[in-house]
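# Descriptive analysis of the structure
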Amino acid sequence: MDMAYLIETVVKIVVIMLIFSALAGLGTYFERKVLAFMQRRLGPMSVGPYGLLQVAADGIKLFTKEDIIPQNVVAPIFKFAPVITAATAFMAAAAIPFWPQFTVFGYTVHPIVADTEIGLLYVLAVMAIGLYGLLLGGMASANKFSLISAARTGAIFISYEVVTGLSLLAPIMIVGSLSLVDFNNYQAGGVSHWLVWTQPVAFILFWIAAFAETGRTPFHLIANDHEIIDGFGTEYSGMRWGLFFIGEYANMFFISFVIALVFLGGFGDGGLGGALALIAKVSFFFFFFLWTRAAWPDVRPDQLMWLCWKVLMPLAVVNVVVTGLVMMF
Amino acid sequence: MSNIEQFKNRNVSEEYFLVDIEDYPTDGWGKFKRVVKRTFQGELFVGLWVVLREMIKFDIHTVQYPKEKMPIGPRYRAVHEMKRLWESGTERCIGCGLCEKICISDCIRMETKIDENSRKEVSEYSINLGRCIFCGYCAEVCPELAITHGGRYENASEQRAHFVMYEDMLTPIDMLKAGQQQEFEGFGAITPHEDERVKKTPLAY
């Protein structure tokens, strides 16, 4: 491994970390603004122009709060759990091509940290490991509601992994590769080549599962608002809680990238227009996460399980079988 | 409708009607049909459209409180005010002690004395806002319209007593001369056009 490659990779990692940490912060700002506008409010307005510096104020607050380790918690696990959530969220970014390759000063940059053959599998696997942050955090807290929430989180995540995997299986069969770059190149021909036209069911199923995977509102049972507490995060405060938060928002961005890359053509043929189109697609999916939060109620855990095992999973299986039959004949 | 029947009818309006609710399906096929129907009814998109419409209309109802304030009614009962006579500018309070007597939370305390002109003078007057429940009885009972409620509702302070120094409650004399003393329109205030309704005391019995 030569030195230039190493340096380039480290720089890419640092850039992605910085951009998406900042975006996670800004994501909270956008969420508060969008929700406020949809509810005829103004949202944060006091800190900075139009409340733009609210993110900085929140960051200072989170960083400077006392790091409380409550009595009776399993301290090492309790301390480590938020790191798992944040770390796995950012680790998933390694295999995502965020941008088509471009040339700066005669040097070609590939905006993907690790262009592996199994990119999609890697992203799904690492995002699935993110479950352990929430599960262990809830179990290590000496709080029965955190424990219940952790159990619920585990059940939901494991169930929806099935839907995620099965729904992506059909596109993978068509493309014949697990690399997200290959997915993008397969659809580079234009809008008519997008996989969403040949795999609409898989697209819808994966989109629904993305809400469960990130724990966003129709399936916001991870931190169950109905219990007036923050689920697994009840005992957390300060930056440890902030890490859960950053992980959740980074996950939203990354899963939006995955949806756009797998089903909606990604950055297309690699021109500037395609790159901007990718940003527009990701922005739409991120906005949709906020939009549904304003519009839709949460479902009960049993309804969520019913939806997963009795509706989405059979549909995904049927979709895979039909895709296979069509490809065979 | 017989005489008693009209009192038995509790419906405020004749437009009330029972919502037509279908029976819940009991068998599997019925449940399946209900799921399919609800799935493709598009109700979720109605919800999405409603919130998006409100976002586009941008009809914001927020009052940015410290910068903007809602107008409050003239009868609002916030921190008390002591009024002056319009003509002479002297204090209206005659030290009768009715407000102290009627105060149900026992928060008004006054001391009076006879001054050098043999008139009753209020030497100490205080309201314990920690006890005051802003019922308005003091303003209602005051025969001189001297103590009233004001519109100053922002009474967060290190000490509640900061708001109820007698000198602070009293209308400043320069404000009175500028004609800025506001009469209270709530309890105990004179009603409009009171002058026209005043009758001469009959002197001949």
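Since we're looking at a predicted model, the values are computed, not measured.

Cut-offs and rules
Residues numbered from 1 in each chain as written. Chains lettered and ligands numbered in written order. Predicted model: local features only at pLDDT ≥ 70, side-chain atom pairs only at ≥ 80, totals over all residues. Helix = DSSP H or I, 4+ residues; strand = E, 2+ residues; numbered from the N terminus. Buried ≥ 20, exposed ≤ 12 C-beta atoms within 10 Å, placed from the backbone. Contact = placed C-beta atoms within 7 Å. Rg over C-alpha atoms; globule rule 2.2 N^0.38 Å. Nonpolar A, V, L, I, M, F, W, Y, C, P; charged D, E, K, R; others polar. Pairing = 2+ DSSP bridges. Axes fitted to C-alpha atoms, helices over the stretch in contact; angles between N-to-C directions. Parallel < 35°, antiparallel > 145°, perpendicular 65-115°, else oblique. Left-handed = near helix turned anticlockwise from the far one by under 90°. Core = buried A, V, L, I, M, F, W, Y, C linked by C-beta atoms within 7 Å. Expected span 1.5 Å × (residues − 1). pLDDT = per-residue confidence, 0-100.

Let us now look at the overall build of chain A. On a plain count of helices and strands, chain A comes out with twelve helices and two strands. The linear arrangement of helices and strands in chain A, starting from the amino end, is α-α-α-β-β-α-α-α-α-α-α-α-α-α. Over its C-alpha atoms, taken along the principal directions, chain A stretches across nearly 60 × 55 × 45 Å. Classification of the 329 residues of chain A by burial places 41% in the buried group. When contacts within chain A are restricted to residue pairs at least 6 apart in sequence, those whose partners lie at least 24 apart make up 79%.

Let us look at the overall build of chain B. The number of helices and strands found in chain B is eight helices and four strands. In chain B, the succession of α and β elements from N to C terminus is α-α-α-β-α-β-β-α-β-α-α-α. For 205 residues, the compact-globule estimate of 2.2 N^0.38 gives 17 Å, and chain B exceeds it by more than 25% at 30 Å. Taken along the three principal axes of its C-alpha coordinates, chain B extends 100 × 55 × 35 Å. For chain B, buried positions account for 12% of its 205 residues. Considering only residue pairs separated by 6 or more positions, chain B has 70% of its internal contacts joining residues 24 or more positions apart.

Further remarks concern the interface of chain B and chain A. Of the residues lining the interface, 14 residues belong to chain B; the matching set on chain A comes to ten residues. The residue makeup of the side of chain B that touches chain A, split by class, is eight nonpolar, four polar and two charged.

Regular strands have side chains that alternate between both faces of the sheet. Residues and elements named next belong to chain B. Of the pairings in the sheet, the one linking strand S2 (residues 108-114) to strand S3 (residues 120-127) comprises seven bridges and is antiparallel in character. Bridged to Thr112 within S3 is Val122. Taking the residues that link successive antiparallel strands as the turn, the S2-S3 hairpin has five residues, and the phi of Ser118 there is positive, at about 60 degrees.

With that out of the way, let us pick up unusual backbone geometry. One non-glycine residue, Arg40 of chain A, lies in the positive phi region at around 60 degrees. Within the secondary structure, Arg40 of chain A is located in the loop between helix H1 (3-38) and helix H2 (54-64). If you check the backbone angles, Phe58 of chain B has positive phi at about 55 degrees while not being a glycine.

Residues and elements named next belong to chain A. Looking at the secondary structure, you find Leu264 in the loop between helix H10 (238-263) and helix H11 (272-295). Each C-alpha atom, one on Leu264 and one on Gly190, is 9.7 Å from the other, the two residues being 74 residues apart in sequence. Non-local contacts of Leu264, meaning those with residues more than four positions away in its chain, are made with Trp194, Val196, Ile259 and Lys281.

Next up on the list: the packing of helix H3 (residues 75-91) of chain A against helix H5 (residues 131-140) of chain A. Residue and element names in this part refer to chain A. Viewed as axis vectors pointing N to C, H3 and H5 meet at an angle of 165 degrees, and their least axial separation amounts to 7 Å. As the angle between them shows, H3 and H5 are arranged roughly antiparallel. Handedness of the crossing formed by H3 with H5: left-handed. Where H3 abuts H5, its residues Ile77, Phe78, Ala81, Pro82, Ile84, Thr85 and Thr88 lie against Tyr132, Gly133, Leu134, Leu136, Gly137 and Ala140. Residue classes in the contact of H3 with H5 are distributed as nine nonpolar, four polar and no charged.

Below, the discussion takes up the packing of H5 of chain A against helix H6 (residues 144-175) of chain A. Residue and element names in this part refer to chain A. Where H5 contacts H6, the axes come no closer than 7 Å and their chain directions differ by 155 degrees. Viewed along their axes, H5 and H6 adopt a mutual orientation that is roughly antiparallel. Where H5 crosses over H6, the two elements pack in a sense that is left-handed. Where H5 abuts H6, its residues Leu131, Leu134, Leu135, Gly138 and Met139 lie against Ser146, Leu147, Ser149, Ala150, Thr153, Gly154 and Phe157.

If you look at the biggest cluster of nonpolar residues, it comprises 88 residues, and the most contacted ones within it are Ile96, Ala250, Phe253, Phe254, Phe257, Val258 and Ile259 of chain A. The element contributing the most residues to this core is H10 of chain A, with 17 residues. The next biggest cluster of nonpolar side chains, apart from the first, holds 15 residues, and it includes Cys93, Ile127, Cys138 and Phe184 of chain B.

All names here are of chain A. Looking at where Asn251 falls in the secondary structure, it is placed in helix H10. A count of 25 C-beta atoms within 10 Å places Asn251 in the buried class. Residues Asn251 and Ala87, 164 residues apart in the sequence, show an inter-C-alpha distance of 11 Å. When neighbours within four sequence positions are excluded, Asn251 is seen to be in contact with Ala89, Met127, Gly130 and Thr214.

With that settled, the discussion passes to helix H2 (residues 28-40) of chain B. Look at H2 of chain B: 19 Å from first C-alpha to last across 13 residues, which is about the 18 Å you get at 1.5 Å a residue. Within H2 of chain B, only zero of the 13 residues are buried, leaving the element largely exposed.

This part takes up the confidence of the model for chain B. All names here are of chain B. Here chain B averages 85 in pLDDT, while 96% of its residues score no lower than 70. No element of chain B has a lower mean pLDDT than helix H1 (residues 5-8), which averages 72, and none a higher one than helix H4 (residues 98-102), which averages 93. Here the complex is predicted with pTM 0.83, and the ipTM for its interfaces comes to 0.85.

Here we come to helix H9 (residues 200-214) of chain A. Residues and elements named next belong to chain A. For H9, which comprises 15 residues, the first-to-last C-alpha distance of 21 Å matches the rise-based estimate of 21 Å (1.5 Å per residue) to within 8%. Within H9 the residues assigned to the buried category are Ala202, Phe203, Leu205, Phe206, Ile208, Ala209, Ala210, Phe211, Ala212, Glu213 and Thr214. Residues of H9 that are buried in the fold lie against helix H4 (119-129), H6, helix H8 (195-198), H10 and helix H12 (301-328). Downstream of H9 by one or two residues, Gly215 has phi in the positive range, about 65 degrees.

Next up on the list: the environment of Lys101 of chain B. Its place among the elements puts Lys101 of chain B in helix H4. Taking the C-alpha atoms as reference points, Lys101 of chain B and His149 of chain B, 48 residues apart in sequence, are found 17 Å from one another.

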